[in-house]
Amino acid sequence: MSAILHRQPKSVLPLAVAGDGPYVIDSEGRRYLDASGGAAVSCLGHSCRPVVEAIKEQLDRLPYAHTSFFTNEPSERLAEHLIARAPAGLEKVYFVSGGSEANETALKLARQYFWEKGETGRRHFIGRHQSYHGNTLGALSVGGNPGRRAIFAPILLDTHHVGPCYAYRGKQAAESEEDYGRRVADELEAKILELGAETVIAFVAETVVGATLGAVPAVPGYFKRVREICDRHGILLILDEVMSGMGRTGRLFACEDEGIAPDILTCAKGLGAGYQPIGACLLSGEIYDTIVGASGFFHHGFTYIGHPTACAGGLEVQRTIEREGLLENVQRQGTALREALEERFGNHAHVGDIRGRGLFLGVELVEDRGSKQPFDPARRLHARIKERAMAEGLMCYPGGGTADGVAGDHVLLAPPFIIGEAEVAEIVDKLGRAIDSVLSEPA
């Protein structure tokens with residue numbers, strides 16, 4: 001009997017004891033190919049020695065020093081590394097311990113920016129339906145995942161939501177992708193005008209929607225239109241790249257493919273690859289200068305911000321990605337994985353869509369391809385597929401559909417950047433067996 005309150009206390013989990021490249025090994029010696037990077041975290045796999053050594057060396061020098069007294073070399077160097085490669089205008093970094101903290105920080109930073117400018121009446125955040133930004137109350141409030149919000153709805157912030165850019169279900173047959181993108185972006189402008197632009201703080205969006213929809217990228221032009229709308233009405237654009245960033249899509253920052261830069265960008269997961277808990281909030285020079293030039297104090301903080309050991313690990317993760325040319329491998333193996341998925345599932349009676357970028361891919365399951373009718377959520381296909389895949393020795397990240405048919409069950413794939421052809425073939429083979437086995441069972 002475990003003394004831990006696990007995520008699902010009624011389940012009996014295998015005991016992970018070792019890692020070997022893209023594989024996790026349990027106490028009985030079983031090997032599991034990590035086709036989801038856990039939750040899109042383990043981008044370097046589970047046994048990268050240079051990262052381990054960097055962490056050990058930092059522990060020998062200085063494990064921790066509170067940032068109200070000191071700065072430290074690893075955090076300074078990691079910040080310089082990120083800003084040198086960040087989209088134009090992002091000039092400063094605030095380090096935290098994970099994605100939820102990063103998005104909570106972004107919300108408070110955005111509010112204080114306008115407070116320092118004297119625009120104290122700004123109070124509204126606009127997010128998107130079918131999104132997810134973390135489990136702290138602020139991040140959960142701006143997110144649009146109904147299942148995660150439901151229990152806590154009475155204590156969430158009063159936020160507003162517009163439709164996602166989800167072409168598979170939202171684009172009309174007669175629309176071009178560009179016309180669709182403009183239509184859904186215009187929902188944002190309508191909401192801003194409804195609330196009054198002078199009351200809106202920011203629009204918050206995942207650059208590529210992660211687990212809630214299953215690796216859904218925006219159509220071309222959508223984010224450029226969003227950037228124009230935010231600029232026209234004087235509100236901030238916050239991009240959440242906690243899942244999609246740090247190389248996951250084949251770019252260090254996913255918004256590079258959109259041709260825009262946000263005012264605030266959040267990242268985590270692949271920033272530290274799971275070797276240490278770390279996240280970051282990158283902010284524009286304008287936001288930084290405004291706060292420093294006014295009160296000179298950011299009214300926010302966590303105990304472990306700028307943690308030396310976490311930053312030392314994160315810096316070596318990023319150096320390893322560059323040294324080993326892993327962004328190129330993400331692009332190469334991402335193409336191979338998508339082609340293999342399309343060959344295996346492209347004509348599958350219950351696969352409606354295969355989408356994503358780089359090694360951030362999603363497969364959406366439907367009861368009927370023609371109508372795109374999702375399976376009844378009561379069947380819990382996603383949970384059963386995860387269980388069956390684990391029995392096959394494959395870790396994947398399935399998500400459930402919605403009762404109103406807004407989204408279907410899906411499987412998210414986000415394997416380590418180090419995979420090759422053999423792992424691509426293994427992922428598709430084992431996932432295919434798991435999906436077909438579950439779908440063959442009586443409803």
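Notes on the structure in this doc start here. Quantities reported herein were computed from a predicted structural model and do not represent experimental measurements.

This brings us to the overall build of the protein chain. The number of helices and strands found in the protein chain is 14 helices and 17 strands. Over its C-alpha trace the protein chain gives a radius of gyration of 21 Å, about what one expects of a compact globule, namely 22 Å for 443 residues. Counting only C-alpha atoms and orienting by the principal axes, one finds that the protein chain spans roughly 65 × 60 × 45 Å. A total of 443 residues make up the protein chain; the buried ones form 55% of that total. Here the contacts in the protein chain between residues at least 6 apart in sequence split such that 72% fall between residues at least 24 apart.

We now examine the layout of surface pockets. In this structure, the second largest pocket encloses a volume near 920 Å³. Around the second largest pocket sit 30 residues that line it, and Val 93, Tyr 94, Phe 95, Tyr 288 and Ile 305 are the ones nearest its centre. Sorting the residues of the lining of the second largest pocket by element identifies α3 (73-85), β4 (90-96) and α10 (285-293) as the ones contributing at least two each. For the lining of the second largest pocket, a count of residues per class yields 16 nonpolar, 10 polar and 4 charged.

So, on to the sheet that holds strand β13 (residues 351-357). Strand order in the open sheet formed by 4 strands is β13-β14-β17-β16, and the pairing between neighbours is antiparallel. Single-partner strands in this sheet number two, and they are β13 and β16 (397-399). The average undirected angle you get between the axes of adjacent strands in this sheet is 20°. In this structure, β16 lies alongside strand β17 (residues 410-413), joined through 3 bridges in antiparallel fashion. Residue pairing for β17: Tyr 397 is matched across the bridge by Leu 412.

Counting 51 residues, the largest nonpolar core has Phe 95, Phe 203, Tyr 222, Val 226 and Leu 282 as its most contacted members. It is helix α8 (residues 177-195) that contributes the most residues to this core, 6 residues altogether. Ignoring sequence-local partners within four residues, the contact set of Phe 95 consists of Ser 75, Leu 78, Ala 79, Leu 82, Ile 278, Gly 279, Ala 280, Ile 305, Gly 306 and Cys 311. If you look at the next biggest cluster of nonpolar residues, it comprises 41 residues, including Phe 345, Ile 385, Val 411 and Leu 431.

Counted by the stated rule, this structure contains 1 cavity of 30 Å³ or more. Estimated volume of the largest cavity: approximately 30 Å³. In terms of lining residues, the largest cavity is bounded by Ala 40, Cys 43, Met 243, Gly 245, Met 246, Arg 248, Gly 270 and Phe 417. Taken together, the residues that form the lining of the largest cavity break down as 5 nonpolar, 2 polar and 1 charged.

This part covers the pairing of strand β11 (residues 264-267). Every second residue of β11 is oriented toward a common face, with Ile 264 and Thr 266 on one face and Leu 265 and Cys 267 on the other, all of them buried. Looking at chain direction, strand β10 (residues 236-240) and β11 are connected through 3 bridges and run parallel. Bridged to Ile 238 within β11 is Ile 264. Here β11 runs beside strand β12 (residues 279-284); their pairing, made up of 4 bridges, is antiparallel. Pairing of Thr 266 across the sheet is with Cys 281, part of β12.

What follows concerns the pattern of salt bridges. Tallied over the entire structure, the rule returns 28 salt bridges. A salt bridge links Arg 49 to Glu 53, with the nearest nitrogen and oxygen atoms 2.8 Å apart. Separated by 4 residues within a single helix, Arg 49 and Glu 53 lie in helix α2 (residues 49-61), roughly one turn from each other. Of the residues examined, Arg 49 reaches a relative accessible area of 46% and is grouped as partly exposed. A salt bridge links Lys 191 to Glu 194, with the shortest nitrogen-to-oxygen separation between them at 3.3 Å. With Lys 191 and Glu 194 both in helix α8 and 3 residues apart, the pair spans about one turn of that helix. Taking relative accessible area as the criterion, Glu 194 reaches 57% and is therefore assigned exposed. Several salt bridges share partner residues, and in doing so they unite Arg 169, Asp 353, Arg 355 and Glu 364 into one network.

Moving on: a nonpolar patch on the surface. The grouping of Leu 137, Ile 151, Phe 152 and Ile 155 at the surface amounts to a nonpolar patch, some 410 Å² of accessible area in total. Structurally, the position occupied by Phe 152 is in the loop between α6 (146-149) and β6 (160-162).

Here the focus is the pairing of strand β3 (residues 31-34). In this structure, strand β2 (residues 23-26) lies alongside β3, joined through 3 bridges in antiparallel fashion. Considered in β3, the bridge of Ile 25 is made with Arg 31. Direction of pairing for β3 relative to strand β15 (residues 394-395): parallel, over a ladder of 2 bridges. Its bridge partner lying in β15, Asp 34 is registered against Met 395.

Turning to the sheet that holds β4, a few remarks are in order. Each strand in a sheet pairs with another by means of backbone hydrogen bonds, the pair being arranged parallel or else antiparallel. Strand order in the open sheet formed by 7 strands is β4-β12-β11-β10-β7-β5-β6, and the pairing between neighbours is mixed. The sheet is open, and its two borders are formed by β4 and β6, each paired with just one other strand. Taken over all neighbouring pairs, the strand axes of this sheet differ in orientation by 20° on average, direction set aside. When strand β5 (residues 124-128) meets β6, the two strands line up parallel, connected through 3 bridges. Looking at the pairing, Ile 126 lines up with His 160 of β6. Taken strand by strand, α10 contacts β4, β10, β11 and β12, and its axis lies near 85° from that of β12.

What counts, and where the lines are drawn
Residues numbered from 1 in each chain as written. Predicted model: local features only at pLDDT ≥ 70, side-chain atom pairs only at ≥ 80, totals over all residues. Heavy atoms only, no water. Helix = DSSP H or I, 4+ residues; strand = E, 2+ residues; numbered from the N terminus. Rg over C-alpha atoms; globule rule 2.2 N^0.38 Å. Buried < 20%, exposed > 50% of the residue type's maximum accessible area, 1.4 Å probe, protein only. Contact = heavy atoms within 4.5 Å. 1 Å grid on protein atoms, 1.4 Å probe; cavity = no way out; pocket = protein on both sides within 12 Å on 5 of 7 lines; lining within 4 Å. Points joined across faces, edges and corners; volume = space filled by probe spheres on them. Nonpolar A, V, L, I, M, F, W, Y, C, P; charged D, E, K, R; others polar. Pairing = 2+ DSSP bridges. Axes fitted to C-alpha atoms, helices over the stretch in contact; angles between N-to-C directions. Core = buried A, V, L, I, M, F, W, Y, C linked by side-chain atoms within 4.5 Å. Salt bridge = Lys/Arg side-chain N within 4 Å of Asp/Glu carboxyl O. Patch = residues over 30% accessible without salt bridge, like charges linked within 9 Å, V, L, I, M, F, W, Y side chains within 5 Å. Areas by Shrake-Rupley, 256 points an atom, 1.4 Å probe, with all protein chains shown as cover.

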